[in-house]
Amino acid sequence: MAWSIAEVARMSKVTSRTLRHYDEIGLLPPAWIGSNGHRYYEEADLLRLQQILLMRELDLGLREIQAVLDSRLDQVAVLRAHHQRLLAERDRLETLARTVGRTIAELEEGEGKSHMTKKINKPENLFEGFQAPSEAEAEVRERWPQAWEQSRPAVEAMTSKDTERWQREVTAQMIRMAEFMVAGTPVSDPAVQAEVHANYQGICRFWTPTAAAYKGVGQAYVDDPQMRANFDKIADGLAVYQRDAMTVYADARLS
């Protein structure tokens, strides 16, 4: 049995335009194309689309998704890992719902009392289920709240294609910086600083950091475990090298 692109779009709530884009980049080609030029998908294609959507929910980029799907990994094992992450998120949301429900009940029980005397039995229970932001995100929110607010419209306006392009640019920059590091190039070298300038310009698409803020971003690359892991997956020590190069840039160009 086969389904037209319009039927797949209706079932999956993925637009026909997105499905055509997935075909163009080789992520989800149709099973066949009819004489009328319409794309048709079979069961295996629907299963692949489900995996794509699952990985998109987990914030993987399209290139990463394609690498996983085209690898020799056991697809059942991959789905099982996704399933575990979804169950963990479900449990977290259920805990969060209980937290809000308990707070409502306790506040309703205290109705008629003044705001200051309403009783919350266990204050720590107010925060069960909340997901702590990464250290890097918390750093930006707390130290530069204006920058956080400034960047949100630009981020929210990005399409999936914009996001994929941005991810490719960031990854390419990281690889070039890793090549400098492995070659023993000093962070003050003009070629390294030119790469850092590209990094700074990329950040300025979202917000414009001061010298101190830009140094803070570099430090977050080192301090935040997830961000550091992203750098060090490319080359061990890259996060520190990037931070040091950004510090030189900030002192020379932004101070």
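Residues numbered from 1 in each chain as written. Predicted model: local features only at pLDDT ≥ 70, side-chain atom pairs only at ≥ 80, totals over all residues. Heavy atoms only, no water.

Colleague: Before we move on, could you go through the overall build of the protein and cite the residues and values that matter?
Modeller: Secondary structure summary: the protein contains 12 helices and 3 strands in total. Split into buried and exposed, the 255 residues of the protein put 35% on the buried side. Restricting the contact set of the protein to residue pairs at least 6 apart, pairs at least 24 apart contribute 59%. Looking at the protein as shown, the accessible area adds up to about 15,800 Å², and 54% of this sits on carbon and sulfur atoms. (Helix = DSSP H or I, 4+ residues; strand = E, 2+ residues; numbered from the N terminus. Buried < 20%, exposed > 50% of the residue type's maximum accessible area, 1.4 Å probe, protein only. Contact = heavy atoms within 4.5 Å. Areas by Shrake-Rupley, 256 points an atom, 1.4 Å probe, with all protein chains shown as cover.)

Colleague: So, the pattern of salt bridges: which residues are in play, and what are the values?
Modeller: According to the stated counting rule, one finds 5 salt bridges in the structure shown. Across the pair Arg-39 and Asp-23 runs a salt bridge, and its minimum N-O distance is 2.7 Å. Residue Arg-39 is found in strand β3 (residues 39-41), and its partner Asp-23 is found in helix α2 (residues 16-24); the two are separated by 16 residues along the sequence. On the accessibility criterion, Arg-39 (17% relative accessible area) is buried. (Salt bridge = Lys/Arg side-chain N within 4 Å of Asp/Glu carboxyl O.)

Colleague: Give me the lowdown on the nonpolar core, citing residues and values where you can.
Modeller: Generally speaking, nonpolar side chains in soluble globular proteins are found buried as a group. With 26 residues, the main nonpolar core has Met-177, Val-196, Tyr-214, Leu-238 and Tyr-241 as its most contacted residues. For this core, the secondary structure elements donating two or more residues are α8 (160-182), α9 (190-204), α10 (211-223) and α12 (238-254). Here this core gets 7 residues from one element, more than from any other, and that element is α12. Aside from chain neighbours lying at most four places away, what touches Tyr-241 is Met-177, Phe-180, Met-181, Thr-185, Pro-186, Val-187 and Val-192. (Core = buried A, V, L, I, M, F, W, Y, C linked by side-chain atoms within 4.5 Å.)

Colleague: Tell me what's going on with the sheet that holds strand β1 (residues 3-4), and back it up with residues and numbers.
Modeller: The strand order across the open sheet formed by 3 strands is β1-β3-β2, and the pairing between neighbours is antiparallel. Each edge of the open sheet carries a strand with a single partner, namely β1 and β2 (32-33). Inspection of the sheet shows β1 paired to β3 by 2 bridges, in the antiparallel sense. What sits directly across from Ser-4, in β3, is Tyr-40. (Pairing = 2+ DSSP bridges.)

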